[in-house]
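# Analysis of the macromolecular model
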Amino acid sequence: ETGVTQSPTHLIKTRGQQVTLRCSSQSGHNTVSWYQQALGQGPQFIFQYYREEENGRGNFPPRFSGLQFPNYSSELNVNALELDDSALYLCASSGGGQGSYNEQFFGPGTRLTVL
Amino acid sequence: KQEVTQIPAALSVPEGENLVLNCSFTDSAIYNLQWFRQDPGKGLTSLLLIQSSQREQTSGRLNASLDKSSGRSTLYIAASQPGDSATYLCAVKGEDFNKFYFGSGTKLNVKP
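Residues numbered from 1 in each chain as written. Chains lettered and ligands numbered in written order. Predicted model: local features only at pLDDT ≥ 70, side-chain atom pairs only at ≥ 80, totals over all residues. Heavy atoms only, no water.

## Details of the side chain of Glu75 of chain A
Residues and elements named next belong to chain A. Following the sequence through the fold, Glu75 ends up in strand 8 (residues 74-78). Note on Glu75: relative accessible area 15%, which makes it buried. Among all residues touching Glu75, those that are not within four sequence positions of it are Thr20, Leu21, Arg22, Trp34, Ser65, Gly66, Leu67 and Phe69. (Helix = DSSP H or I, 4+ residues; strand = E, 2+ residues; numbered from the N terminus. Buried < 20%, exposed > 50% of the residue type's maximum accessible area, 1.4 Å probe, protein only. Contact = heavy atoms within 4.5 Å.)

As structure tokens, then:
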């Protein structure tokens, strides 16, 4: 069984630029969630995708957007980068829809630095 | 809005000691609660998942309990080892299934 993978591992951008992060879900999982984790903090929920539709969103502005593809992999896009966007971005996948156990399995994360 | 708090923020114990990590949440309307460990700069590793209808889950030296009505969960680690040193995070999933809330974690150091 393949685990959750994320790319790239590290990324450096400058303020105002745009970035795309990628996530491949664990085999058999159809739900992907994205999180932002600032240094020394717990992860903050950005949004969740279920069967290619956004299925829940945290308190993040619209410049954070995402996609889920038919193979359930996902992208996180961030426009107009700000210094405070520097963080570890985590992707988690889970199996089944509502009513299932929905245990989340995390990828290793992408470290984004905004200069 | 759900608030998740973990106490203590940091803990240092000698090897072999039994220890308890605490997680509290303000809204008891949760679907499940999950405990994770995170090594520095790494992703999260799932330890235990407790459904809202369950009271506890066990895996090896780990035991997690859930008291939904009081908004509390504990993670008990028996016979701690230096390899247990990591940050431990709890997360709750709302009953609407679509939002997740993490605590800030407890950083555990087990001294040889």
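From this point, the narrative continues.
## As for the interface of chain A and chain B
Facing 26 residues of chain A, the contacting portion of chain B comprises 23 residues. Taken together, the two surfaces of chain A and chain B that pack against each other cover about 1,900 Å², and 50% of this comes from carbon and sulfur. If you look at where chain A meets chain B, you find four residue pairs in polar contact (both at pLDDT 80 or more). Residue assignment for the side of chain A that touches chain B shows that the elements contributing at least two residues are strand 4 (31-37), strand 5 (44-50), strand 6 (53-57) and strand 9 (87-94) of chain A. Grouping the amino acids of the side of chain A that touches chain B by side-chain chemistry returns eight nonpolar, 15 polar and three charged. (Buried area = accessible area lost by both parts, 1.4 Å probe. Polar contact = N/O pair within 3.5 Å; in protein donor to acceptor, adjacent residues only side chain to side chain. Nonpolar A, V, L, I, M, F, W, Y, C, P; charged D, E, K, R; others polar.)

## Concerning the state of the cysteines
All names here are of chain A. In the structure shown here, the tally under the stated rule is two disulfides over all chains. Put simply, Cys23 and Cys91 are joined by a disulfide, and their sulfur atoms are 1.8 Å apart. Torsion about the S-S bond of the Cys23 and Cys91 cystine: about -55°, corresponding to left-handed handedness. Here Cys23 is found in strand 3 (residues 19-24), whereas its partner Cys91 is found in strand 9, with 68 residues between them in sequence. Owing to a relative accessible area of 2%, Cys23 belongs among the buried residues under this scheme. For Cys91, a relative accessible area of 0% puts it in the buried group. (Disulfide = S-S within 2.5 Å.)

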